[in-house]
Amino acid sequence: MKARVKWVEERTFVGESASGQKLVLGTAFGPEGKTPGPSPMELVLIGTGGCSAYDVVHILEKGREAVEDCVVELDADRAEADPKVFTRIHMHFVVKGRALSHDKVKRAIELSIEKYCSASAMMAKTAVITHDFEVIETAK
């Protein structure tokens, strides 16, 4: 895997994936607190949620569950001293679909966090990762 990050100005950077996808990232600066995009650590947290959400949807689809939506809400704490690693991450999954099995959703989330999600595995080296979920039935 390859990626590239280029400094643009002040605290603004553009990241580019090997597939050509670009995103602006940076941190607040200046008197007005301008933020050009998510900070690198926000991207790490978002990436962790995205990795797990991808797994959950994939596992449910393979199990022929009628999943229609999956949202992961993340809440995290970081160490006070440098390096300010994540020390706690809570993932709240909201999974919507038709006649979803509560047990299959629970198992998909557990498999993601405990076995398949590379980002969760890395984050678990410094952070306590917890999760919960809700299943929302959609109209048929």
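Heads up: the structure comes first, above all this text.
Residues numbered from 1 in each chain as written. Predicted model: local features only at pLDDT ≥ 70, side-chain atom pairs only at ≥ 80, totals over all residues. Heavy atoms only, no water.

Caption draft 1: Up close: the nonpolar core. Among the nonpolar cores identified, the biggest contains 21 residues, and Ile-89, Phe-93 and Val-95 are the most heavily contacted of them. Of all the elements in the fold, those that place two or more residues in this core are α1 (40-62), β4 (66-78), β5 (86-98), α2 (102-116) and β6 (128-137). At five residues, β5 tops the list of elements feeding residues into this core. In contact with Ile-89, not counting residues within four places along its chain, are Leu-45, Leu-74, Asp-75, Ala-76, Met-123, Ala-127, Val-128, Ile-129 and Thr-130. (Core = buried A, V, L, I, M, F, W, Y, C linked by side-chain atoms within 4.5 Å. Buried < 20%, exposed > 50% of the residue type's maximum accessible area, 1.4 Å probe, protein only. Helix = DSSP H or I, 4+ residues; strand = E, 2+ residues; numbered from the N terminus. Contact = heavy atoms within 4.5 Å.)

Caption draft 2: Quick look at α2. The end-to-end C-alpha distance of α2, which contains 15 residues, comes to 20 Å, matching closely the 21 Å that a straight helix rising 1.5 Å per residue would cover. Buried residues of α2: Val-105, Ala-108, Ile-109, Leu-111, Ser-112 and Ile-113, and no others. Close packing links the buried residues of α2 with α1, β5, α3 (118-123) and β6. (Expected span 1.5 Å × (residues − 1).)

Caption draft 3: Main features of the pattern of salt bridges. Taken as a whole and judged by the stated rule, the model has four salt bridges. In this structure, Lys-104 and Glu-65 form a salt bridge, with 3.4 Å as the shortest nitrogen-oxygen distance. Of this pair, Lys-104 sits in helix α2 while Glu-65 is found in the loop between α1 and β4, placing the two residues 39 residues apart along the sequence. Take Lys-104: its relative accessible area is 41%, and that puts it in the partly exposed class. Taking the relative accessible area as the measure of exposure, Glu-65 reaches 13% and is therefore buried. Ionic pairing is found between Arg-98 and Glu-68, a salt bridge with its closest N-O pair at 2.3 Å. Of the two residues, Arg-98 sits in strand β5 while Glu-68 sits in strand β4, which places them 30 residues apart along the sequence. The network of salt bridges with shared partners includes Asp-75, Asp-77 and Arg-88. (Salt bridge = Lys/Arg side-chain N within 4 Å of Asp/Glu carboxyl O.)

Caption draft 4: Geometry of the sheet that holds β4. Across the sheet, three strands lie side by side as β4-β5-β6; this open sheet has mixed pairing. At either margin of the open sheet sits one strand with a lone partner, and together these are β4 and β6. Strand-to-strand twist in this sheet, taken as the mean axis angle between neighbours without regard to direction, amounts to 15°. Bridge count for β4 against β5 is 12 bridges, and the pairing is antiparallel. Considered in β5, the bridge of Asp-75 is made with His-90. Sitting on the sheet, α1 touches β4 and β5, and the angle it makes with β4 is about 150°. (Pairing = 2+ DSSP bridges. Axes fitted to C-alpha atoms, helices over the stretch in contact; angles between N-to-C directions.)

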